[in-house]
Amino acid sequence: LDVGDMLAAGAILVGTPNVANGNGNCTNVGAAHLFLSPFSASQFPNYVFEPPAVQSGEFGYGVGVVPGYPFILVGEHFSTVGTTTNAGQVYVYKKN
């Protein structure tokens, strides 16, 4: 994934906070789907980002691509951080 060239070539990042995990045991786990150009009507995501832990935190509630920088931002709305329930957090994915 060349995140650095992503904006020049064209990219769409879509958050899906209400999606269940693969086995259906936990709802509202969420994901973020990255589509890179060239786009087509039947295109599957080029990359799927999932939360590091399976919890109902609505990963993908907010998503963004940082113009000019190799970063993708994915928010998790109801994530518990430390002892704070439903604090929320942002995951930053960076090109290696």
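Everything below is about the structure shown above.
Cut-offs and rules
Residues numbered from 1 in each chain as written. Predicted model: local features only at pLDDT ≥ 70, side-chain atom pairs only at ≥ 80, totals over all residues. Heavy atoms only, no water. Patch = residues over 30% accessible without salt bridge, like charges linked within 9 Å, V, L, I, M, F, W, Y side chains within 5 Å. Areas by Shrake-Rupley, 256 points an atom, 1.4 Å probe, with all protein chains shown as cover. Salt bridge = Lys/Arg side-chain N within 4 Å of Asp/Glu carboxyl O. Helix = DSSP H or I, 4+ residues; strand = E, 2+ residues; numbered from the N terminus. Buried < 20%, exposed > 50% of the residue type's maximum accessible area, 1.4 Å probe, protein only. Pairing = 2+ DSSP bridges. Axes fitted to C-alpha atoms, helices over the stretch in contact; angles between N-to-C directions.

A closer look at a nonpolar patch on the surface
Turning to step 1, where the next piece is worked out: A surface patch of nonpolar side chains, amounting to about 250 Å² of accessible area, comprises Ile 12, Val 14 and Phe 39.
Turning to step 2, where the next piece is worked out: Tracing the backbone shows Val 14 in strand β1 (residues 11-16).
Turning to step 3, where the next piece is worked out: We classify Val 14 as partly exposed; its relative accessible area is 33%.

Description of the sheet that holds strand β5 (residues 71-76)
Turning to step 1, where the next piece is worked out: Strand order in the open sheet formed by 3 strands is β4-β5-β6, and the pairing between neighbours is antiparallel. Looking at strand neighbours, the two that pair on one side only are β4 (59-65) and β6 (89-94), the edges of this open sheet. Each adjacent strand pair in this sheet contributes to an overall mean axis angle of 25°, direction not counted.
Turning to step 2, where the next piece is worked out: Pairing of β5 with β6 involves 6 bridges; the strand directions are antiparallel. Residue pairing across strands places Leu 73 opposite Val 92, the latter belonging to β6.

Details of the pairing of β5
Turning to step 1, where the next piece is worked out: The pairing of β4 with β5 spans 5 bridges and is classified as antiparallel. The residue of β5 that forms the bridge with Val 63 is Val 74.
Turning to step 2, where the next piece is worked out: In this antiparallel pair of consecutive strands, β4 and β5, the connection spans 5 residues, and Gly 68 shows a positive phi of 85°.

Focus: unusual backbone geometry
The phi torsion of most residues other than glycine is negative, and most of the peptide bonds are trans.
Turning to step 1, where the next piece is worked out: Unusually for a residue other than glycine, Asn 86 sits at a positive phi of about 60°.
Turning to step 2, where the next piece is worked out: Here Asn 86 lies in the loop between β5 and β6.
Turning to step 3, where the next piece is worked out: By relative accessible area, which is 45% here, Asn 86 ends up partly exposed.

Section: the sheet that holds β1
Turning to step 1, where the next piece is worked out: As summarised here, the arrangement of the 3 strands in space is β1-β2-β3, forming an open sheet in which the pairing is antiparallel. At either end of the open sheet lies a strand with only one pairing partner, and these are β1 and β3 (47-49). Adjacent strand axes in the sheet meet at a mean angle of 20°, parallel and antiparallel pairs treated alike.
Turning to step 2, where the next piece is worked out: Here β1 pairs with strand β2 (residues 31-36) via 6 bridges, running antiparallel. Across the sheet, Thr 16 pairs through a bridge with Ala 31, a residue of β2.

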